[in-house]
Amino acid sequence: TVLEHLVAGEVMQLNADRTERLSYDHYMKKTYYKTASLLAHSCEAVAVLGGATAEERRSAHLYGKHLGIAFQLVDDALDFDVDNAELGKPGGGADMANGLVTLPVLYAME
């Protein structure tokens, strides 16, 4: 369920060791659990309520998943470029200051 995924993502983030934090696969899985799962399941729910076929529901789920991942990637990039007032939340490198390794950091390390 969505709530299980959200909790799993938070636990992954809190309990990750150094190797996991620096892993692209770990980042993407955590991003799915914490952000994309909510959008994926929301899009699928709308398809179910609209009487969609199984294939259409799966397509809606995948659309939401990709939208959620894209949202998080943009959010991670904005953390480096936008200040707190403009972003509406802690920015200016707040993720890194909190020890969170985001995709821009992973790419910068390559």
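From a predicted model like this one, the values you see are computed outputs, not experimental measurements.

Asks: Just give me the short version of helix α3 (residues 24-49), but keep the residues and values in it.
Replies: For α3, built from 26 residues, the straight-helix expectation of 38 Å at 1.5 Å per residue is met to within 8% by its first-to-last C-alpha distance of 35 Å. Of all the bends in α3, the greatest measures close to 55° and is centred on Ala-36. Burial in α3 covers these residues: His-26, Tyr-27, Met-28, Lys-30, Thr-31, Tyr-32, Tyr-33, Thr-35, Ala-36, Ser-37, Ala-40 and Ala-47. Contacts from the buried residues of α3 go to α1 (2-15), α2 (18-21), α4 (54-81) and α7 (103-109). The distance from a side-chain oxygen at the start of α3 to the backbone nitrogen of Asp-25 is 3.3 Å, and the residue carrying that oxygen is Ser-23. Backbone geometry just after α3 places Gly-51 at a positive phi near 75°.

Asks: Describe in detail the nonpolar core, supporting the description with residues and values.
Replies: Membership of the largest hydrophobic core is limited to eleven residues, which are Met-12, Tyr-27, Met-28, Tyr-32, Tyr-33, Ala-36, Ile-69, Val-101, Leu-103, Val-105 and Leu-106. The greatest single-element share of this core, amounting to five residues, is contributed by α3. In this structure Tyr-27 touches Gln-72, Leu-73, Asp-76, Val-101, Thr-102, Leu-103 and Leu-106, once residues within four positions along its chain are discounted.

Asks: Can you break down the packing of α3 against α4 residue by residue, with the values?
Replies: At their nearest, the axes of α3 and α4 sit 7 Å apart, and the two run at 140° to each other. Judged by the angle between their axes, α3 and α4 are oblique. Relative to α4, α3 is oriented so that their crossing is right-handed. Classifying every residue of the contact of α3 with α4 by side-chain character gives 15 nonpolar, seven polar and five charged.

Asks: Provide a residue-level description of a nonpolar patch on the surface, including the pertinent values.
Replies: Where nonpolar side chains cluster on the molecular surface, the patch consists of Leu-3, Leu-6, Val-7 and Val-11 and spans about 350 Å² of accessible area. Looking at the secondary structure, you find Leu-3 in helix α1.

Asks: Outline the side chain of Thr-102, listing residues and values.
Replies: Turning to its location among the elements, Thr-102 is positioned in the loop between α6 (94-97) and α7. The class of Thr-102 is buried, set by a relative accessible area of 5%. Residue contacts for Thr-102: discarding those within four places in its chain leaves Tyr-27, Asp-76, Phe-80 and Asp-95.

Asks: Could you give an account of the packing of aromatic side chains, naming the residues involved and the relevant values?
Replies: Counted according to the given criterion, the structure contains one aromatic pair. On the basis of an interplanar angle of 55° and a centroid distance of 5.9 Å, the ring pair of Tyr-32 and Tyr-33 is categorised as tilted. Here Tyr-32 matches Tyr-33 in class, with each residue buried. Directly above the ring of Tyr-32 sits Lys-65, whose terminal nitrogen or CZ lies 5.7 Å from the centroid.

Asks: Outline the pattern of salt bridges, supporting the account with residue identities and numerical values.
Replies: Pairing of side chains with opposite charge becomes possible as their charged atoms draw close. Applying the stated criterion across every chain yields a total of one salt bridge. Among the ionic pairs, Lys-34 bridges to Glu-10, the shortest N-O distance being 3.1 Å. In this pair, Lys-34 is assigned in helix α3 and Glu-10 in helix α1, connecting sequence segments 24 residues apart. Overall, Glu-10 belongs to the partly exposed group, its relative accessible area being 31%.

Criteria and thresholds
- Residues numbered from 1 in each chain as written.
- Predicted model: local features only at pLDDT ≥ 70, side-chain atom pairs only at ≥ 80, totals over all residues.
- Heavy atoms only, no water.
- Helix = DSSP H or I, 4+ residues; strand = E, 2+ residues; numbered from the N terminus.
- Expected span 1.5 Å × (residues − 1).
- Bend = angle between axes of the 7 residues up to and from the residue.
- Buried < 20%, exposed > 50% of the residue type's maximum accessible area, 1.4 Å probe, protein only.
- Contact = heavy atoms within 4.5 Å.
- Polar contact = N/O pair within 3.5 Å; in protein donor to acceptor, adjacent residues only side chain to side chain.
- Core = buried A, V, L, I, M, F, W, Y, C linked by side-chain atoms within 4.5 Å.
- Axes fitted to C-alpha atoms, helices over the stretch in contact; angles between N-to-C directions.
- Parallel < 35°, antiparallel > 145°, perpendicular 65-115°, else oblique.
- Left-handed = near helix turned anticlockwise from the far one by under 90°.
- Nonpolar A, V, L, I, M, F, W, Y, C, P; charged D, E, K, R; others polar.
- Patch = residues over 30% accessible without salt bridge, like charges linked within 9 Å, V, L, I, M, F, W, Y side chains within 5 Å.
- Areas by Shrake-Rupley, 256 points an atom, 1.4 Å probe, with all protein chains shown as cover.
- Salt bridge = Lys/Arg side-chain N within 4 Å of Asp/Glu carboxyl O.
- Phe/Tyr/Trp six-rings, centres within 6.5 Å; stacked < 30°, edge-to-face > 60°.
- Lys NZ or Arg CZ within 6 Å of the ring centre and 35° of its normal.

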